[in-house]
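What the coordinates show
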Amino acid sequence: NVAEFDFLTVDETAKTIDFKAGKHKLNRSLIVPAGYVVRCGEGGQLNLSNQGKILSYSPLAFVGTEENPIIVESSQNDGQGIVVMSAKGRSILKHVTFRNLSNPQQGLWQLTGAVTFYESDVDIDSCEFANNRAEDGLNMVRSDFTITSTLFEGSLSDAFDSDFCKGNISDSSFINNGNDGIDVSGSVVKLNNIYITGSGDKGISVGEASYV
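One structure accompanies this document, and this report is about it.

Reading guide: rules and limits
- Residues numbered from 1 in each chain as written.
- Predicted model: local features only at pLDDT ≥ 70, side-chain atom pairs only at ≥ 80, totals over all residues.
- Heavy atoms only, no water.
- Helix = DSSP H or I, 4+ residues; strand = E, 2+ residues; numbered from the N terminus.
- Rg over C-alpha atoms; globule rule 2.2 N^0.38 Å.
- Buried < 20%, exposed > 50% of the residue type's maximum accessible area, 1.4 Å probe, protein only.
- Contact = heavy atoms within 4.5 Å.
- Areas by Shrake-Rupley, 256 points an atom, 1.4 Å probe, with all protein chains shown as cover.
- Lys, Arg positive; Asp, Glu negative; His and termini not counted.
- Charge placed at Lys NZ, Arg CZ, Asp CG, Glu CD.
- Polar contact = N/O pair within 3.5 Å; in protein donor to acceptor, adjacent residues only side chain to side chain.
- Disulfide = S-S within 2.5 Å.
- Core = buried A, V, L, I, M, F, W, Y, C linked by side-chain atoms within 4.5 Å.

1. Here's the deal with the overall build of the protein chain
Each helix and strand counted, the protein chain has zero helices and 25 strands in total. Over its C-alpha atoms the protein chain spans a radius of gyration of 16 Å, differing by no more than 12% from the 17 Å that the globule rule assigns to 212 residues. The buried share of the protein chain, reckoned over its 212 residues, is 50%. For the protein chain, contacts bridging at least 24 residues in sequence account for 44% of all contacts bridging at least 6. Here the protein chain displays about 9,400 Å² of accessible surface, and carbon together with sulfur accounts for 47% of that area. Each charge sign in the protein chain was given a centre, from 16 positive and 27 negative side chains, and these centres are 5 Å apart.

Spelled out as structure tokens, the structure:
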């Protein structure tokens with residue numbers, strides 16, 4: 001239903017979907033088909049409300065700057081979150097803040113992560129996941145990932161959950177999260193220069209035949 005949102009520009013030749021510059025409100029589900037790249041530039045702001053969520057079958061290229069990060073939030077705590085599902089191509093998140101989001105759900109279908117990459121590879125650099133209201137602040141499932149220089153803070157439960165993934169986390173902090181800082185299941189993950197404090201349960205949980 002991309003064509004229903006006036007803050008999106010679709011280029012069928014380049015196969016891109018761009019968020020227009022500025023602040024936008026998403027108060028319902030945005031569903032992005034496969035075969036595109038979804039792009040948002042520096043200073044972009046998206047406020048999710050009224051159980052609004054994003055389900056994308058295409059990779060994301062959300063690239064902000066240190067001076068003008070991209071903000072994806074639910075300022076009234078009534079929006080849901082983002083899921084990238086079986087995307088062909090690798091997503092890039094750089095200088096993006098995800099805050100006050102919750103897990104996408106509809107009817108009997110629901111996920112555990114406020115932000116989820118399901119069978120979708122991603123590189124995350126200099127991002128922030130703050131005060132997210134879900135079982136997992138960020139959930140990776142059967143994906144390849146890198147996370148660099150990223151802050152996870154104030155998650156309701158687990159900050160980061162890796163299920164059946166391969167990835168690297170470096171130079172990142174996990175502060176005052178409600179449950180585990182890092183929860184790894186069936187995964188191979190390399191950690192380097194990690195700071196964890198104030199976890200409600202375990203700093204690092206390694207289970208289900210994982211190697212860390």
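Now that the structure has been shown, the text picks up again.
2. Looking at the side chain of S91
Mapping S91 onto the fold places it in strand β11 (residues 91-94). For S91, a relative accessible area of 0% corresponds to the buried category. Here L60 takes part through its backbone nitrogen, which lies 2.9 Å from a polar atom of the side chain of S91. Setting aside chain neighbours within four positions, we find S91 in contact with P59, L60, V84, F117, D121, V122 and D123.

3. As for the state of the cysteines
Scanning the entire structure with this criterion turns up zero disulfides. In this structure C127 is a free cysteine whose sulfur lies 12 Å from that of C40, the closest cysteine sulfur available. On the basis of relative accessibility, which here comes to 5%, the residue C127 falls in the buried class.

4. Describing the environment of E135
With respect to the secondary-structure elements, E135 resides in the loop between β17 (128-130) and β18 (136-141). Counting along the chain gives 120 residues from E135 to K15, while the straight-line C-alpha distance between them is 34 Å.

5. Some remarks on the nonpolar core
Ranked by internal contacts, the top residues of the largest apolar core, which has 47 residues, are F19, F62, L93, L138 and F160. With three residues, the top contributor of residues to this core is strand β15 (residues 113-118). Setting aside residues no more than four positions away along its own chain, F19 makes contact with F7, L8, L30, V38, R39, C40, L46, I54 and F62.

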